[in-house]
Amino acid sequence: MINLTARNSGERIDRFLCKDLESLSRSYLQKLLKDGDISVNGKSVKANYKVSEGDEIQVCIPEPESPDILPEDIPLDIIYEDDDILVVNKPKGMVVHPAPGHYSHTLVNAVMYHCGDQLSGINGVLRPGIVHRIDMDTTGSLLVCKNDRAHQILAEELKEHSITRRYHAIVCGNIKTDKGTVDAPIGRHPVDRKKMSTKAPNGRRAVTHYKVLERFGNYTYIECELETGRTHQIRVHMASIGHPILGDAVYGPAKCPYGLQGQTLHAKILGITHPSTGEYMEFDAPLPEYFSDLLERLRRKS
């Protein structure tokens, strides 16, 4: 149960709650209102109810149903594996963990088949072993933990920003400086809830370091190193400085001259301190074929 007190008047309750409860979408809040799970001053209300200052609002979020997540025999491109961890090179178009609309054909389904019962259970039935995630159309290195001890240690590394994460990307435009840093908070977009933004009122600090690898006139091949790990961080940060990632229809131009499906963003280098040996290890995921082919096309044109 979530309890809130309205601080202003005249706003529709679904809009008001959407601002205060960033993790819940407006459509989900409207469903809760329809189902009678949201009350004001002890009475259920509809989505068009307009709040008054001082209204006591209660939001009852039902327990989520746990779908059956089944192992699937999906080939994995394994970069490294031992008794504690698994590092895979995720392909484009694969969702990392199950979610509404994607309960099968995810990386988790594939990992469950490969590892059997040797997966950390810390993140529950939907995300067993998953320490971090990358977008569906982003490729590259992804870390999976096989036991809770490894997961706890590596989750703490991630929290302390001591895991190395370097991405390669092709961005639109010619970046003038050879290297730079984008230090801009990121939060849920105030209007489009499916997007993130550097203009969000409750954004969290986000830092991306970038350096130029090659220039191709209207495009630039760069490496980005994450200091923090916010949702869509590199995509949002590069778009915020006028250099959206090539192929990113969400934060960049709607049309791509190269017929790409999704952004040219690849998690190339992943560096961790191994949870058992204490040794620093670095893993390098080779660029996918579509990415390296596009680089060659750009080199020939420039």
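Look a little higher up for the structure.
Summary of the structure given here. (Residues numbered from 1 in each chain as written. Predicted model: local features only at pLDDT ≥ 70, side-chain atom pairs only at ≥ 80, totals over all residues. Heavy atoms only, no water.)

This model, assessed by the stated rule, comprises 14 salt bridges. Residue Asp-178 pairs with Arg-215 through a salt bridge whose shortest N-O separation is 2.7 Å. Within this pair, whereas Asp-178 is found in the loop between β8 (164-172) and β9 (179-183), its partner Arg-215 is found in strand β12 (residues 207-215), the two being separated by 37 residues in sequence. Classification of Asp-178 by relative accessible area gives exposed; the value is 55%. A salt bridge links Lys-211 to Glu-223, with the shortest nitrogen-to-oxygen separation between them at 3.8 Å. Note that Lys-211 is positioned in strand β12 and Glu-223 in strand β13 (residues 219-226), a separation of 12 residues in sequence. Exposure remark for Lys-211: the relative accessible area of 40% places this residue in the partly exposed category. Sharing partners across several salt bridges, the network here consists of Arg-133, Asp-135, Arg-235 and Asp-248. (Salt bridge = Lys/Arg side-chain N within 4 Å of Asp/Glu carboxyl O. Helix = DSSP H or I, 4+ residues; strand = E, 2+ residues; numbered from the N terminus. Buried < 20%, exposed > 50% of the residue type's maximum accessible area, 1.4 Å probe, protein only.)

The subject of this paragraph is unusual backbone geometry. One non-glycine residue, Asn-41, lies in the positive phi region at around 55°. Secondary-structure assignment places Asn-41 in the loop between β2 (38-40) and β3 (43-44). One non-glycine residue, His-232, lies in the positive phi region at around 60°. Turning to its location among the elements, His-232 is positioned in the loop between β13 and α5 (233-240).

What follows is about the packing of helix α1 (residues 13-20) against helix α2 (residues 26-34). As a packed pair, α1 and α2 sit with axes 9 Å apart at the nearest point and diverge in direction by 125°. It follows from the interaxial angle that α1 and α2 lie oblique. Here the hand of the crossing between α1 and α2 comes out right-handed. The residues of α2 that touch α1, namely those facing Ile-13, Asp-14, Arg-15, Leu-17 and Cys-18, are Arg-26, Leu-29, Gln-30 and Leu-33. Within the contact of α1 with α2, the residues separate by chemical class into five nonpolar, one polar and three charged. (Axes fitted to C-alpha atoms, helices over the stretch in contact; angles between N-to-C directions. Parallel < 35°, antiparallel > 145°, perpendicular 65-115°, else oblique. Left-handed = near helix turned anticlockwise from the far one by under 90°. Contact = heavy atoms within 4.5 Å. Nonpolar A, V, L, I, M, F, W, Y, C, P; charged D, E, K, R; others polar.)

The next thing to look at is the sheet that holds β2. Reading across the sheet, the four strands line up as β1-β4-β2-β3 and stay open at both edges, with antiparallel pairing between neighbours. Of all strands in the sheet, those with a lone pairing partner are β1 (2-5) and β3, marking the two edges. Note that β1 and strand β4 (residues 56-59) share four bridges and pair antiparallel. Paired with Asn-3 across the strands is Gln-58, a residue of β4. (Pairing = 2+ DSSP bridges.)

Assignment of secondary structure puts His-114 in helix α3 (residues 107-115). Taking the relative accessible area as the measure of exposure, His-114 reaches 36% and is therefore partly exposed. In the structure, His-114 is positioned 36 residues away from Ala-150 in sequence and 18 Å away in space, judged by C-alpha atoms. Setting aside its immediate chain neighbours within four residues, His-114 contacts Leu-76, Ile-78, Glu-81 and Leu-86.

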